[in-house]
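Here are the chains, one letter per residue:
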Amino acid sequence: MTFALLVAFTVIFAFLAIQAKRLLSSALWLAVASALLAVIFYLMGAQLVAIFELSIGAGLVTVLFVFAIGIAGEEDTNLRSLVPKTLAGGVTIIMFLLLSWFLLPAQSAQPSLPEQSVSTVIWEQRSLDVLLQIAIIFSGVLGLLGLLAEIKAPLEYPLAEQAAAERDRELDELYYQSIEKGAT
Amino acid sequence: MEKYLGIAVIGFPWLGGLCVWLIGDKNPRFLHKLASIFAAAGGLFSLTLLPIISDEIILSIPLGSVFGDFTLIADGLGVSLAIIAAVIGGLAVIYSSDYMKDEVQLGRYYSLTMFFIGAMIALVLSGSLLFIFIFWEITAFCSYALISFHNDDPKAVAGGIKALIITQVGGIGLLAASLISYSLFGSYQINTFLSQATQIPVTVLSLCAFGCLVAAAAKSAQVPFQTWLPDAMEAPTPISALIHAATMVNAGVYLLARFYPGFEYVGGWKTAVILVGLLSALLAALMALVSQDLKRVLAYSTISQLGYMVYAVGCGAIIASQFHLLSHSIFKALLFLCAGALIQAIGTRDMYQMEGLGRKMPFVRAAFIIASLALVGLPITNGFFSKEMVLEGGFKLGPAWAYVGMLLGVGITSLYTIRMVSLVFYRRTGTDKEIHEAPRVMRFVLGVLAFGVLTTWLLIGTFSQLYADSLPFHILHSEDLVVVIVEIFSSPWTYLALGMVFLGLLVWIMRSKFTKLTQTLAPGALFIRQGFGFEKINQLIIRSINNTAGSLRKLQTGQLNWNLVGIVLGLVVVLLFAAWVGYHGNTTF
Amino acid sequence: MNLSLLNIAGVGILSLLGVGFYGLLICRNLFKVVIALQILVKAALLGLVTAGYANGKINSAQSLAITVIVADTIVAVIAIALAVQIQRQLGTLDIKNLAGMRG
């Protein structure tokens, strides 16, 4: 019963995130949905994923959103959508029905061997995944740095300019002096 | 041992092409010699395949489950076409060393020609449907590149693109047939397909059969795909001789002959093939009759003679069709190469401006006339014997209406041929242009080919013997040379055909009596000159495709939401298809 | 309908997928598009964990889900950075004004 309620509320909060008028509300509804999802994961026995989802989904990503919305500012999001809502809704419902024809009723199966503990699975069986995650994080950080670079103005060297101006002045004086000397 | 020969015959031209390409354009004289040597060696090598003709696979390289096995089979059908491709290719390259001596970018020219020859040999020797398709496409590409060799000439480029598009559309039929074979039998091998052809459900087999017919018709420039060949005459003349007379256009006829045992019982297929051959033979002959451009006349003549070969395959006379293919390759190549010498000497392709060529170039005139006699079908030339075999096979095995049509075609053939010969060589004019006889190298090649025209009919016996021994799926009777000669000369139908030939000659000689008739038929001549409306159909197709593409641009709104609608709809379609398959439990249709 | 946990979770996965796709089709602001993407990934995560739960292999499911969370976070980070840069360079986040690939 609680499980059904949790799932229902997650879906409702996700829908509210799409529907929200202000971007900030949107991000916050998403955070709540992430938190409920973390609880669902915990109830299914995946405690590690629950921790990850809570801290990253409800924490990191939400903070990122709030930060970015603060930088970029809010626009008027009360505009009519480009795709008519009936078309969008209809296509989505057709997809939902088709997938439910495939997926439900859900069945379970028992594995042949008892499973190993989480850490064994992560660090031994799926060690390649860990390496790839490291690579993804690395490239993500590099990409981010490249993306957020500002376009700088041309470099200014005030001291060098002053020195150049000085030299020009001296050359002009010498030139005028030589003209005066030549005239006399 | 055989597999090395097989590899050598294909690899030698390819090696030559690679060498020529790497050497580039720095040293033209060396390039001519090198290309000629490789081509001649390839031609000689191909003759070594003759002793090893059998129906066994001589080379098999397994390439995993996706591509099947790359196999080579040296049976009579494949080897005869391989020899034609290599020998005539070699002669054309030797001819080019003189014809193209003032051209630039020879590296591109020779390397493409050599790649083409190698790909053609591989096509006819291949035992796997997928590799036939692959080499088919390679030859189409080389043909396109060589037609638009003078790529600063918009007509040449347009001709090349037209040839490419039409032959590629045909290629889809071949790909469909090979994929159907793979999905049904798990293998691309031709022998597997032919041995189990009776077990394929009728609808699928019809699809394969008509797909192959479409591919063959497009490649061999048969109706309704014939519009690319006349426009391809913008290519340098040795290329016209090689690709558009002697080798590439034969690939379609080869395909039909190869798959005949599999498709002969498909309802309506044989009639369709006969109809395609008949229409091509007659329509092209009429178009040749009203053409002004010498090379165009030869192009239409090629289409017409290929129509005879296709007709023969449709009737079931496989040996006759392939023997006519052999004769036609030799005399048509001879005609084209002579035309090249003539055009080079006088500087124009318009037959109405050709004068004085007969007196100044007697050797070329003699060779041209020998080839014309073969085209018309007069005795002692190979064209006579092969054409009589085709007509005899058609009479015995095919419907009567088709035979009458083909007989009419013989008459029209002789009419346009004598028109061509008399316009080029025998017009009485007074002007005295500066014309030289063809150079030595070109004359050598013309001489070899003329010798071939006069003597290759002697090989009928060996030819049919090799075919009957090495093609397990075809039902073929081999005939001895003497038997064939006696049969041909004793049959009254032969004399009927010869009668049509002389009728055509007579009509031309007495043409001044027919001026009234010619004048009333003049608007018809214009219609024929415009390709019987087929050119208009081509342009209509292109215009409608452009308009459709223009109106479909409105779908690209540039907005992310609409693009996503497309993605989700695609997902829905895939899911619907998966649901349908799942519901019906994986049936084969 | 059997209201077992698996069925409820199945309905939940499909509903979240539906909400996510609906958001992608409806939203005009780029940030909302990123939020809709995040909802889709949450649906996928729920699907992974449900499958692991159903087959008794919850630990394999957890390790896969963790990989997905890491990758998805990086995707979200880069998408948000892109949105911020678009706002800076082009001045707008509205999809209607960003239709440069039109035609």
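Fair warning: this is a prediction, and the values are worked out from it, not measured in the lab.

Reading the values: the criteria
In this numbering scheme, every chain counts its residues from 1 along its sequence in written order. For this description, chains carry letters from A and ligands carry numbers from 1, given in the order in which they are written. It should be noted that, the model being predicted, local features are given only for residues of pLDDT at least 70 and side-chain atom pairs only at 80 or more, the latter also being counted only at that level, while totals for whole chains, interfaces and linings use all residues. Under the scheme used here, helices are H or I runs from DSSP no shorter than 4 residues and strands are E runs no shorter than 2 residues, and both carry numbers assigned from the N terminus. Note that the radius of gyration is over C-alpha atoms, with the globule rule given as 2.2 Å times the number of residues to the power 0.38. The burial label depends on the number of other C-beta atoms within 10 Å of a residue's C-beta. Counts of 20 or more mean buried, 12 or fewer mean exposed, and intermediate counts mean partly exposed, with C-beta atoms placed from the backbone. Residue pairs qualify as contacts under a 7 Å threshold applied to their C-beta atoms, which are placed from the backbone. Only buried Ala, Val, Leu, Ile, Met, Phe, Trp, Tyr and Cys residues enter a nonpolar core, and they are joined through C-beta atoms within 7 Å. Under this grouping Gly is polar, as are all residues other than the nonpolar Ala, Val, Leu, Ile, Met, Phe, Trp, Tyr, Cys and Pro and the charged Asp, Glu, Lys and Arg. Domain ranges listed in this record stem from an automatic or a database domain assignment. The predictor attaches a confidence to each residue, and that confidence, scored 0 to 100, is pLDDT. What a helix should span is 1.5 Å times the count of its residues minus one. Helix axes use the C-alpha atoms of the stretch in contact, all axes being lines fitted to C-alpha atoms, and the angles between their N-to-C directions lie in the range 0 to 180 degrees. When an angle is under 35 degrees it counts as roughly parallel; over 145 it counts as roughly antiparallel; between 65 and 115 it counts as roughly perpendicular; any other value is oblique. For any helix crossing, the convention is left-handed if the near helix is rotated counterclockwise from the far helix by under a right angle, and right-handed if that rotation is clockwise.

Q: What should I look at first to understand the overall build of chain C in this one?
A: Across its full length, chain C carries three helices and zero strands. Starting at the N terminus and ending at the C terminus, chain C contains elements arranged as α-α-α. For 103 residues, the compact-globule estimate of 2.2 N^0.38 gives 13 Å, and the C-alpha radius of gyration of chain C, at 17 Å, exceeds that figure by more than 25%. Considering only C-alpha atoms, chain C reaches an extent of 50 × 30 × 20 Å along its principal axes. Looking at chain C as a whole, 61% of its 103 residues are labelled buried.

Q: Looking at this structure, I do not really get the overall build of chain B. What am I missing?
A: Of the regular secondary structure elements, chain B holds 27 helices and two strands. Relative to the globule expectation of 25 Å for 589 residues, the C-alpha radius of gyration of chain B, 25 Å, shows essentially globular dimensions. Along the longest, intermediate and shortest principal axes, the C-alpha atoms of chain B span 80 × 60 × 55 Å. In chain B, which comprises 589 residues, the share counted as buried stands at 53%. Long-range pairs, those at least 24 residues apart, make up 81% of the contacts in chain B with a sequence separation of at least 6.

Q: It is not clear to me how the nonpolar core should be interpreted in this structure. Could you clarify?
A: Ranked by internal contacts, the top residues of the largest apolar core, which has 201 residues, are Cys212, Leu334 and Cys338 of chain B. Sorting elements by how many residues they give to this core places helix 15 (residues 318-346) of chain B first, with 18 residues. In this structure, Ile40 and Val91 of chain A together with Leu48 and Val70 of chain C belong to the second largest nonpolar core, which totals 78 residues.

Q: For this particular structure, what's the right way to read the interface of chain A and chain C?
A: Reports of interface size often rely on the accessible area that becomes lost once the parts have come together. The interface is formed by 70 residues belonging to chain A together with 64 residues belonging to chain C. Elements that contribute at least two residues to the side of chain A that touches chain C include exactly helix 1 (2-19), helix 2 (23-44), helix 3 (47-72), helix 4 (85-103), helix 5 (118-125) and helix 6 (127-147) of chain A. With 13 residues, helix 3 of chain A is the largest single contributor of residues to the side of chain A that touches chain C. In the side of chain A that touches chain C, the residues fall into 49 nonpolar, 15 polar and six charged.

Q: Is there a simple way to think about the interface of chain B and chain A in this case?
A: Across the boundary between the two partners, chain B contributes 11 residues, which contact nine residues of chain A. Of the residues belonging to the side of chain B that touches chain A, the class tally is nine nonpolar, two polar and no charged.

Q: Mind showing me how you'd approach the domain arrangement of chain B here?
A: When the domains of chain B are assigned, the result is domain 1 (2-517), domain 2 (518-553) and domain 3 (557-589). For domain 2 of chain B versus domain 3 of chain B, the distance between C-alpha centres works out to 39 Å.

Q: Would you mind going over unusual backbone geometry with me for this structure?
A: Trans is the common state for peptide bonds, and a negative phi is the common state for residues other than glycine. All names here are of chain B. Cis rather than trans, the peptide bond between Val223 and Pro224 has omega equal to 0 degrees. Positive phi, normally seen in glycine, also occurs at Gln105, with a value near 60 degrees. Not every positive phi belongs to a glycine, and Ile380 is a case in point at roughly 75 degrees. Locating Ile380 in the fold gives a position in the loop between helix 17 (362-376) and helix 18 (382-397). With 14 C-beta atoms counted inside 10 Å, the residue Ile380 sits in the partly exposed group.

Q: Looking at this model, I keep getting lost on the confidence of the model for chain B. Mind explaining?
A: Low-confidence regions, as indicated by low pLDDT, have predicted coordinates that should not be scrutinised in detail. Chain-level statistics for chain B give a pLDDT mean of 86 and a share of 98% at 70 or above. Per-element confidence in chain B ranges from a low mean pLDDT of 77 for helix 3 (residues 64-67) of chain B to a high of 93 for helix 14 (residues 294-315) of chain B.

Q: It is not clear to me how helix 3 (residues 58-90) of chain C should be interpreted in this structure. Could you clarify?
A: It helps to recall that an α-helix has 3.6 residues per turn; residues three or four apart then point in one direction. Given a rise of 1.5 Å per residue, 33 residues ought to cover 48 Å, and the 46 Å separating the end C-alpha atoms of helix 3 of chain C matches this to within 8%. Positive backbone phi, at 80 degrees, marks Gly91 of chain C, one or two positions downstream of helix 3 of chain C.

Q: Help me understand the confidence of the model for chain C, please; the structure alone is not making it clear to me.
A: All names here are of chain C. For chain C, per-residue confidence averages 90 on the pLDDT scale, and residues scoring 70 or more make up 97% of the total. Taking the mean pLDDT of every element in chain C, the minimum, 91, falls on helix 3 and the maximum, 94, on helix 2 (residues 30-55). Scored as a complex, the prediction yields pTM 0.76 and ipTM 0.92.

Q: Just to check I follow, could you spell out helix 1 (residues 5-26) of chain C for this structure?
A: Across its 22 residues, helix 1 of chain C extends 31 Å between first and last C-alpha, which sits within 8% of the 32 Å expected from 1.5 Å per residue. Of all 22 residues in helix 1 of chain C, 20 are buried, a share of seventy percent or more.

Q: What am I meant to see in the packing of helix 13 (residues 269-289) of chain B against helix 19 (residues 400-425) of chain B here?
A: How two helices sit against one another is set out by the angle between their axes and by the gap between those axes. Residue and element names in this part refer to chain B. Direction vectors running N to C along helix 13 and helix 19 enclose 25 degrees, while the axes themselves pass 9 Å from each other. Relative to helix 19, the element helix 13 is oriented roughly parallel. Judged by the sense of rotation from one axis to the other, the crossing of helix 13 with helix 19 is left-handed. Contact residues: helix 13 offers Ile274, Leu278, Ala281, Leu282, Ala285, Leu286, Ala288 and Leu289, while helix 19 offers Ala402, Gly405, Met406, Leu408, Gly409, Ile412, Thr413, Leu415, Tyr416 and Arg419. Per-class residue counts for the contact of helix 13 with helix 19 are 14 nonpolar, three polar and one charged.

Q: Explain the environment of Arg22 of chain A to me, please; I cannot follow it from the model alone.
A: Residues and elements named next belong to chain A. By secondary structure assignment, the location of Arg22 is in the loop between helix 1 and helix 2. Under the C-beta neighbour-count criterion, Arg22 is labelled exposed, with 12 such atoms within 10 Å. Separated by 53 residues in sequence, Arg22 and Glu75 place their C-alpha atoms 8.8 Å apart.

Q: Looking at this model, I keep getting lost on the environment of Asn191 of chain B. Mind explaining?
A: If you trace the backbone, Asn191 of chain B turns up in helix 8 (residues 190-195). Spatially, the C-alpha atoms of Asn191 of chain B and Ile73 of chain B are 10.0 Å apart, while their sequence positions differ by 118 residues.

Q: Quick question: what am I supposed to make of the packing of helix 15 of chain B against helix 20 (residues 440-455) of chain B here?
A: All names here are of chain B. Close contact between helix 15 and helix 20 brings their axes to 9 Å; oriented N to C, the two are set at 155 degrees. Considering the angle they form, helix 15 stands roughly antiparallel to helix 20. Pair helix 15 / helix 20 crosses with left-handed handedness. The residues of helix 20 that touch helix 15, namely those facing Ile330, Phe331, Ala333, Leu334, Leu337, Cys338 and Ala341, are Met442, Val445, Leu446, Leu449, Ala450, Gly452 and Val453. Grouping the amino acids of the contact of helix 15 with helix 20 by side-chain chemistry returns 13 nonpolar, one polar and no charged.

Q: Would you explain the environment of Leu146 of chain B in this entry?
A: Residues and elements named next belong to chain B. Within the element layout of this structure, Leu146 appears in helix 6 (residues 129-147). Looking at Leu146, the number of C-beta atoms within 10 Å reads 27, which means it is buried. The spacing of Leu146 and Tyr300 is 154 residues in sequence and 20 Å in space, taken between C-alpha atoms. Those residues in contact with Leu146 that sit more than four places away from it in its chain are Leu112, Thr113, Ala235, Ile239 and Ile243.

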